[in-house]
Amino acid sequence: MTDPKEDSRRFPDGFLFGVASSSFQIEGAWDIDGKGESIWDRATHDKPKTVADGSNADVACDSYHLYKEDVLLIKSIGFDFYRFSISWPRLLPKGEIHDVNESGILYYSNLIDELLANGIEPMVTLYHWDLPQHLQDIGGWMNPLIIDYFADYARLAFERFGDRVKWWITINEPEMVAIGHGKDWFAPALKHFGTGEYLSAHHLLLAHATAYRIYHTEFRSSQRGQVTIALNMMYHWPKTESKLDKEAAERAMQFQMGWFAEPIYGKKGDYPKIMKDFIGQASKAEGRIKSRLPEFTPEQSSLLKGSSDFFGLQHYTSTVVAHEPEISDPNATHKDLQVTYSSSQNWKGSHIPWLKIVPQGFRECIKWVTAKYGEQNIFVTECGYGDYEEFDSLNDDVRIEYFQTYLEEMLKAMNEDGCKVSGFAAWSIFDNFEWFDGLRPKFGLVKVDFKDPNKKRTKKKSAEYFKALIERRSL
């Protein structure tokens with residue numbers, strides 16, 4: 001007779017464990033073998049002072065040259081799948097389909113073959129933020145033609161790799177891409193607050209849906225794969241039990257997750273009503289004749305609705321939210337939704353300011369998605385813990401505590417709340433280049449010595465934690 005308590009800590013048959021990375025953060029080889037320039041190459045080279053430690057990703061983990069070693073590391077830990085991204089400018093140096101870089105095709109083809117030869121399933125992200133600079137020069141994600149450029153790129157990837165890749169993610173965290181058009185936190189670091197993020201998000205959604213329809217019209221019957229978009233979500237706790245703060249917390253959820261999930265998983269193929277109302281009111285108050293939030297045509301709504309085969313959920317931490325109708329900063333990212341953000345003093349945290357350990361928030365996110373969009377096959381495509389270099393070590397017990405407590409809450413969502421979760425990808429396999437924060441933050445299960453010309457890899461204690469967890473399939 002099995003112990004019910006033990007069963008509650010066991011992962012169901014078929015549950016998949018994986019680990020994740022992104023092309024710009026690990027590959028290096030930024031200008032060799034025909035690769036074109038990306039917006040992150042341009043940002044880190046032209047304005048190195050925008051990177052906290054002045055570093056760049058020209059070499060990074062050098063995974064372009066060390067991919068076979070990387071695959072063996074992933075295999076040694078026991079992961080079922082490896083989520084990595086393709087560099088758009090490595091395949092199409094200028095982003096346009098007439099100029100295919102066969103060296104880039106060969107690199108990813110070899111990586112995929114190496115993974116499969118070692119019993120590791122590839123999960124491929126098409127866009128993890130490294131847009132070809134040439135496309136940015138003609139408007140990037142604010143140019144509606146980007147939808148066609150992305151469609152061409154997606155079709156090329158499906159054609160060349162789809163016979164071996166069964167898991168596809170079109171776009172990673174479109175919210176963060178959009179923020180890069182309203183603030184200077186992310187490349188392309190434009191400052192078109194209030195318009196740029198909504199316009200770019202509009203095109204990101206339509207590019208995703210177009211790529212999804214291409215796959216399912218042209219490739220699904222022969223390749224039998226699945227396609228989704230990876231959406232990031234914090235859980236937003238109300239600061240008080242007041243009605244206004246509770247409404248503000250829900251509004252914050254809609255302005256983050258709902259912004260991208262509602263058009264795809266909702267019934268109308270449209271933005272959340274609360275976003276339309278609040279942005280419309282703010283636009284009217286500014287004397288505008290129409291909302292700063294674009295509208296979908298009926299045809300676009302039909303394109304968007306149901307354009308996903310599973311729900312890619314990404315989660316790291318939570319926030320505390322309060323209602324605040326009078327926000328004086330004209331560039332505040334939270335101005336349109338009328339909230340302020342903070343964190344609880346009770347939350348243990350990393351030294352990275354935004355990253356608090358709030359495992360209950362993970363469970364609440366899974367519940368929220370299920371409640372809003374019905375039973376979804378949720379696949380956690382990113383979740384992880386990082387700290388600054390001086391606080392991270394090979395004996396990374398805090399990272400282990402993070403994963404253990406978050407996975408416990410995920411199992412509660414599955415076993416007690418009736419939510420369906422079928423996989424979990426840890427971020428990240430390596431310490432890598434963390435965008436404008438540079439090399440100082442460490443999120444890896446494997447340490448990389450960036451001072452070593454050979455970029456020596458050393459497994460941390462957390463890698464052994466996952467090895468044992470995957471072997472027994474139980475917490």
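All residue numbers here refer to positions counted from 1 along the written sequence of the relevant chain. Selection of residues for local features in this predicted model requires a pLDDT of at least 70, selection of side-chain atom pairs for listing and counting requires 80 or more, and totals for whole chains, interfaces and linings are taken over all residues. Side-chain descriptors were evaluated using all non-hydrogen atoms of the structure, hydrogens and water having been removed beforehand.

Caption draft 1: Representation of the overall build of the protein chain within the structure. Put simply, DSSP marks the helices as runs of H or I at least four residues long and the strands as runs of E at least two long, and each gets a number from the N terminus on. Within the protein chain, the secondary structure is distributed over 16 helices and 17 strands. Along the first, second and third principal axes, the C-alpha set of the protein chain runs to 60 × 60 × 50 Å. Per-residue and other accessible areas follow the Shrake-Rupley method at a 1.4 Å probe size, with only the shown protein chains counted as cover for residues. For the protein chain, the exposed area adds up to about 19,000 Å²; of that, 50% sits on carbon and sulfur atoms. When charges are counted, Lys and Arg contribute as positive and Asp and Glu as negative, whereas His and the chain ends are disregarded. Every charge is mapped to an atom, namely NZ of Lys, CZ of Arg, CG of Asp or CD of Glu. Side chains of the protein chain give 56 positive and 69 negative charges; the mean places of these two sets differ by 3 Å.

Caption draft 2: Broad picture of the sheet that holds strand β2 (residues 81-85). Should DSSP find at least two bridges between two strands, the strands are taken to pair. Read around the closed barrel, eight strands run β1-β2-β3-β4-β5-β7-β12-β14, paired in parallel fashion. Mean inter-strand twist for the sheet, computed between neighbouring axes without regard to direction, equals 25°. Two elements, strand β4 (residues 167-172) and strand β5 (residues 226-232), share four bridges in a ladder whose sense is parallel. In the sheet register, Asn-172 faces β5, and the bridge partner there is Ala-230. Whenever a helix is involved, its axis is fitted only over the stretch in contact; in every case the axis is a line through C-alpha atoms, and angles between N-to-C directions fall within 0 to 180 degrees.

Caption draft 3: View of the side chain of Ser-109. The residue Ser-109 is located in helix α6 (residues 102-117) in this model. Contact partners of Ser-109, with chain neighbours within four places excluded, come to Phe-161 and Arg-164. Should any heavy atoms of two residues lie within 4.5 Å, those residues are counted as being in contact.

Caption draft 4: Representation of helix α10 (residues 196-223) within the structure. In this analysis the local bend is the angle between axes fitted, respectively, to the seven residues ending at and the seven residues starting at the residue. Thr-217 marks where α10 bends most, by close to 45°. The buried label goes to any residue with under 20% of its type's maximum accessible area, the exposed label to any with over 50%, and the partly exposed label to all in between, with areas taken from a 1.4 Å probe on protein chains only. Summarising burial for α10: 21 of the 28 residues are buried, a large majority. A positive phi of about 60° marks Arg-224, the residue just after α10.

Caption draft 5: Just the pairing of strand β3 (residues 121-127), in detail. Of all seven residues making up β3, six are buried, and the element is well covered by its neighbours. Where β2 lies against β3, five bridges are found, and the strand directions are parallel. Residue pairing in the sheet places Phe-84 in a bridge with Val-124 of β3.

Caption draft 6: Summary view of the packing of aromatic side chains. Aromatic contacts are taken between Phe, Tyr and Trp rings whose centres are within 6.5 Å, Trp giving its six-membered ring; a plane angle under 30 degrees counts as stacked, one over 60 as edge-to-face, and the others as tilted. Applying the stated criterion across every chain yields a total of 50 aromatic pairs. Measuring from centroid to centroid gives 5.7 Å for Tyr-67 and Tyr-107, while their planes differ by 90°, and the two rings are edge-to-face. One end of the pair, Tyr-67, is in helix α4 (residues 63-77); the other, Tyr-107, is in helix α6, with 40 residues separating them in the sequence. With respect to class, Tyr-67 is no different from Tyr-107; both count as buried.

Caption draft 7: Quick peek at the side chain of Thr-228. Secondary-structure assignment places Thr-228 in strand β5. Take Thr-228: its relative accessible area is 0%, and that puts it in the buried class. In this structure the side chain of Thr-228 is engaged in a polar contact, spanning 2.9 Å, whose partner is the side chain of Ser-308. When neighbours within four sequence positions are excluded, Thr-228 is seen to be in contact with Trp-168, Ile-169, Thr-170, His-208, Tyr-265, Ser-308, Phe-310, Phe-311 and Gly-312. Two N or O atoms form a polar contact when they lie within 3.5 Å of each other; inside protein one atom must be a possible hydrogen donor and the other a possible acceptor, and for residues adjacent in sequence the pair counts only when both atoms belong to side chains.

Caption draft 8: The pattern of salt bridges, seen in detail. By definition here, a salt bridge exists when the distance from a side-chain nitrogen of Lys or Arg to a carboxyl oxygen of Asp or Glu is within 4 Å. Here the structure, examined in full by the defined rule, presents 34 salt bridges. We note a salt bridge from Asp-70 to Arg-457, for which the minimum N-O separation is 2.9 Å. Separated by 387 residues along the polypeptide, Asp-70 in helix α4 and Arg-457 in strand β17 (residues 457-459) bring together distant segments of the chain. With respect to class, Asp-70 is no different from Arg-457; both count as buried. Residues Arg-363 and Asp-417 are paired through a salt bridge, measuring 2.7 Å at the closest nitrogen-oxygen approach. Separated by 54 residues along the polypeptide, Arg-363 in helix α14 (residues 359-373) and Asp-417 in the loop between α15 (397-415) and β14 (421-427) bring together distant segments of the chain.

Caption draft 9: Up close: the state of the cysteines. Cysteine sulfur pairs qualify as disulfides if the two atoms are within 2.5 Å. Counted under the stated rule, the structure contains zero disulfides. Between Cys-61, a cysteine without a disulfide, and Cys-383, which holds the nearest cysteine sulfur, the sulfur-to-sulfur distance is 20 Å. Its sulfur unpaired, Cys-365 is 9.8 Å from the next cysteine sulfur, which belongs to Cys-383. Since its relative accessible area comes to 0%, Cys-365 is described here as buried.

Caption draft 10: Here's a closer look at the sheet that holds strand β6 (residues 235-238). Pairing within the open sheet is mixed, and its three strands lie in the order β6-β8-β9. On the outer flanks of this sheet lie β6 and β9 (339-342), each paired with one strand and no other. Taking the axes of each pair of neighbouring strands and ignoring which way they run, one obtains an average angle of 40° across the sheet. Lying over the sheet, helix α11 (residues 243-265) contacts β6, β8 (318-323) and β9, oriented at roughly 125° with respect to β8. Sitting on the sheet, α14 touches β6 and β8, and the angle it makes with β6 is about 105°.

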